[in-house]
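One-letter residues, chain by chain:
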Amino acid sequence: AGQLFRSWLRIDISHASIRALVEGLGWKAGAIFVGLVTFRQFLFLPSVVVLPVGGIVFGAVLGTLLGAVGILGSALLKYSIARALGREWFRPYFGAAVDAFQQRAAAAGPLIVGLATAHPAGPMSPVFWGAGFAALPVLSFVLVVSIAAPVRAFAYSFFGSTLLEPGTPRFWVATIVLAAAALAPLAHPGVRERLMRAAGRDLPPNP
């Protein structure tokens, strides 16, 4: 359907045609993209789908900047909603588990928020909701997300900027960098052990 629609509009998918379309929209193109990244969860669009589009449309540098702004906006939105609701809103549904969750989220602190945000496959949304729910200091939350968001945004924007040039050295560099970043946590024995336990297999203890 997309191919037929594109042919009917006589849209040529290339760097030149996409850039021409973006330039025709002006500042609205960037605003639309930031809005998509910010509200993507409510649109059922994962970041792995949305962020590479920034690289395709705007290039790696501007795509990184806009993607990072969108991630920060999304983080603040979820944090603010969770902070406003507060743990008492959840207590009738989850009882004592609410206090246990708050303690764990507070103990994890900004470090976990930063790692989950920066890592290409990190679970950002649950961490943002949890940070607001645990009432982490807002300045620490904003600072760590502001530092980590460009890391994730660059990984996907750089990759997206090469998707119209498959097979080129730049494409393979972007692909290897993204894959290496996504798989890097598996180098930690504790991460592997947790994954195997989640899969239902017991591993011998680490020496």
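Structural data are supplied above this passage.
Everything numeric here is computed off the predicted structure, so don't read it as measured data.

## Here we look at the overall build of the protein
Next, step 1: Scanning the protein for helices and strands turns up 10 helices and zero strands.
Next, step 2: Secondary structure elements in the protein, listed N-terminal to C-terminal, are α-α-α-α-α-α-α-α-α-α.
Next, step 3: Summarising the internal contacts of the protein: among those between residues at least 6 apart in sequence, 70% fall at separations of at least 24.
Next, step 4: For the protein, the exposed area adds up to about 12,300 Å²; of that, 72% sits on carbon and sulfur atoms.

## Points about the environment of Ala181
Next, step 1: If you trace the backbone, Ala181 turns up in helix α9 (residues 169–183).
Next, step 2: Every residue in contact with Ala181, bar those within four places of it in the chain, is listed here: His119 and Pro120.

## Remarks on helix α8 (residues 138–160)
Next, step 1: In this model, α8 (23 residues) spans 32 Å end to end at C-alpha, consistent with the 33 Å of a helix rising 1.5 Å per residue.
Next, step 2: The largest bend in α8 comes to about 25 degrees, at Ala148, with the proline Pro150 one to four residues further on.

## A look at the nonpolar core
Next, step 1: In terms of nonpolar packing, the biggest core is built from 34 residues, with Phe58, Ile71, Val113, Phe128, Phe141 and Val145 touching the most fellow members.
Next, step 2: Of all the secondary-structure elements, those providing two or more residues to this core are α3 (27–38), α4 (47–58), α5 (60–94), α6 (97–118), α7 (124–133), α8 and α9.
Next, step 3: Looking at this core, the element that brings in the most residues is α8, giving nine residues.
Next, step 4: Each residue touching Phe141, except ones within four places of it in the same chain, is listed here: Ala75, Leu76, Tyr79, Val113, Phe128 and Ala131.

## Considerations on the packing of α4 against α8
Any two packed helices are characterised by how steeply their axes cross, that is the angle between the axes, and by the distance between the axes.
Next, step 1: In contact at an axis separation of 6 Å, α4 and α8 are set at 60 degrees when each is read in the N-to-C sense. Between α4 and α8, the interaxial angle falls into the category oblique. Our pair here, α4 against α8, has a crossing hand that is right-handed. Along the contact surface, α4 presents Ser47, Val48, Leu51, Pro52, Gly55 and Ile56, while α8 presents Arg152, Ala153, Tyr156, Ser157 and Gly160.
Next, step 2: A class-by-class count of the residues in the contact of α4 with α8 yields six nonpolar, four polar and one charged.

## Considering the packing of aromatic side chains
Two measures describe an aromatic ring pair: the distance that separates the ring centres and the angle between the ring planes.
Next, step 1: Here the structure, examined in full by the defined rule, presents six aromatic pairs.
Next, step 2: Ring centres of Tyr79 and Phe141 lie 4.4 Å apart, and the angle between their planes is 20 degrees; this geometry places the pair in the stacked category. With Tyr79 in helix α5 and Phe141 in helix α8, this residue pair connects regions lying 62 residues apart in the sequence.
Next, step 3: Under the relative-accessibility criterion, Tyr79 is labelled buried at 3%.
Next, step 4: Relative to Phe158, the ring of Phe154 has its centre 5.6 Å away and its plane inclined at 5 degrees; by these criteria the two rings are stacked. Of this pair, Phe154 and Phe158 are both found in helix α8, four residues apart, which corresponds to roughly one turn of the helix.
Next, step 5: Through pairs of rings, three or more aromatic residues link up here, namely Tyr79, Phe128 and Phe141.

## Considerations on the side chain of Ser74
Next, step 1: Of note, Ser74 is situated in helix α5.
Next, step 2: Engagement of the side chain of Ser74 in a polar contact is seen with the backbone oxygen of Thr38, the distance being 3.4 Å.
Next, step 3: Excluding its chain neighbours within four sequence positions, the residues that come into contact with Ser74 are Val37, Thr38 and Arg40.

Conventions we followed
Residues numbered from 1 in each chain as written. Predicted model: local features only at pLDDT ≥ 70, side-chain atom pairs only at ≥ 80, totals over all residues. Heavy atoms only, no water. Helix = DSSP H or I, 4+ residues; strand = E, 2+ residues; numbered from the N terminus. Contact = heavy atoms within 4.5 Å. Areas by Shrake-Rupley, 256 points an atom, 1.4 Å probe, with all protein chains shown as cover. Expected span 1.5 Å × (residues − 1). Bend = angle between axes of the 7 residues up to and from the residue. Core = buried A, V, L, I, M, F, W, Y, C linked by side-chain atoms within 4.5 Å. Buried < 20%, exposed > 50% of the residue type's maximum accessible area, 1.4 Å probe, protein only. Axes fitted to C-alpha atoms, helices over the stretch in contact; angles between N-to-C directions. Parallel < 35°, antiparallel > 145°, perpendicular 65-115°, else oblique. Left-handed = near helix turned anticlockwise from the far one by under 90°. Nonpolar A, V, L, I, M, F, W, Y, C, P; charged D, E, K, R; others polar. Phe/Tyr/Trp six-rings, centres within 6.5 Å; stacked < 30°, edge-to-face > 60°. Polar contact = N/O pair within 3.5 Å; in protein donor to acceptor, adjacent residues only side chain to side chain.

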